[in-house]
Structures are given as structure tokens and as C-alpha cells.
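Chain by chain, the residues:
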Amino acid sequence: MIAITDYLAGVPLFLAYFAVALVLTGIYVLVYTWCTPHEEMKLIRADVSAAAIAFAGSLIGFVLPLASVIENSIDLVDMALWGGVALIVQLATFFGLRLFIPQISEHIADNKLASGIWLGGVSIAAGLLNAACLTY
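Novice: Tell me what's going on with the packing of aromatic side chains, and back it up with residues and numbers.
Specialist: All told, the structure shown has six aromatic pairs when counted by the stated rule. Centroid distance Y28 to Y32: 5.5 Å. Interplanar angle 25°. Geometry classified as stacked. A residue pair is termed a helical-turn pair when its members lie 3 or 4 positions apart in one helix, as Y28 and Y32 do in helix α2 (residues 11-35) at four residues. Take Y28 and Y32: they sit in the same class, and that class is buried. On the basis of an interplanar angle of 40° and a centroid distance of 6.0 Å, the ring pair of Y32 and F55 is categorised as tilted. On the criterion of sequence distance, the pair formed by Y32 in helix α2 and F55 in helix α4 (residues 49-72) is long-range, its members being 23 residues apart. Taking relative accessible area as the criterion, F55 reaches 8% and is therefore assigned buried.

This is the structure:
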């Protein structure tokens, strides 16, 4: 019979991956909120639904490929490097979308839900494609 300690042997590695994932997610949040013209946290605190939808979609769009990276990485360094790629792709998604709708940040700040839903949806779609491409 397998002892409980055998089952718990993977806990340190789990904690390491989880910690790196949290750090990468924190970095993503900081960089994303710094790069966008609208102030997500201020708008969310002011109950601007468009900002909450757009930001939640963006965060999900980043975490989806990050989960794929965690599942497919060979070690923590590999995970961190490919997590950085996921971060760059998600930021590029926002800037690419702004080419088609240059005023999207103003629309989100004005609580135009269509813009928030569009940005959130495109971010999730890009994250899904990114996740699929990060399986190696």
C-alpha cells in the first residue's frame, strides 16, 4: 500500500509552480494595467461594468495559456519563459484590438458594455489560441 508521504511528495513542486504562476499573474496585472490608457482598478471600484468585463476577460485570456504552459513545461524555468510569451501575446492582443477600435479605452471608461464585452471576448479567444499553440 502506498503511504501518504508518497502522495505528498509532489506538494513542494506543486507549491513552486503555483507560486511562479501567481508571480507571473501579478506581473501580468501590473504590466497590463500600466499599458492600458484606462485605469481598470479605479473604474472597477467605481462599478464600471465594461471595465470589469474587459479586465476579467484579459486576465482569463492570460491564465488560460499559463495553465497550458504549466501542464506542458519541463521545469520552472521553462514555465516562466513560456509564461512570459503568453504575457506578450495577451498584451499584443490589446494593442492589436486598439488598431481597429482606437477609442476602446475611452468607451470602457464611459461604461459602454459592448466595448468591454468585445475586449474581454477577444482576449479570451486569443488566450485559447495561445494556449493551444503552447502545447509542445
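What follows continues from the structure just given.
Novice: Outline the confidence of the model for the protein, listing residues and values.
Specialist: Model confidence for the protein is summarised by a mean pLDDT of 94, while 99% of its residues fall at 70 or above. Ranking the helices and strands of the protein by mean pLDDT puts helix α6 (residues 104-109) first, with 97, and helix α1 (residues 4-8) last, with 78.

Cut-offs applied
- Residues numbered from 1 in each chain as written.
- Predicted model: local features only at pLDDT ≥ 70, side-chain atom pairs only at ≥ 80, totals over all residues.
- Heavy atoms only, no water.
- Phe/Tyr/Trp six-rings, centres within 6.5 Å; stacked < 30°, edge-to-face > 60°.
- Helix = DSSP H or I, 4+ residues; strand = E, 2+ residues; numbered from the N terminus.
- Buried < 20%, exposed > 50% of the residue type's maximum accessible area, 1.4 Å probe, protein only.
- pLDDT = per-residue confidence, 0-100.

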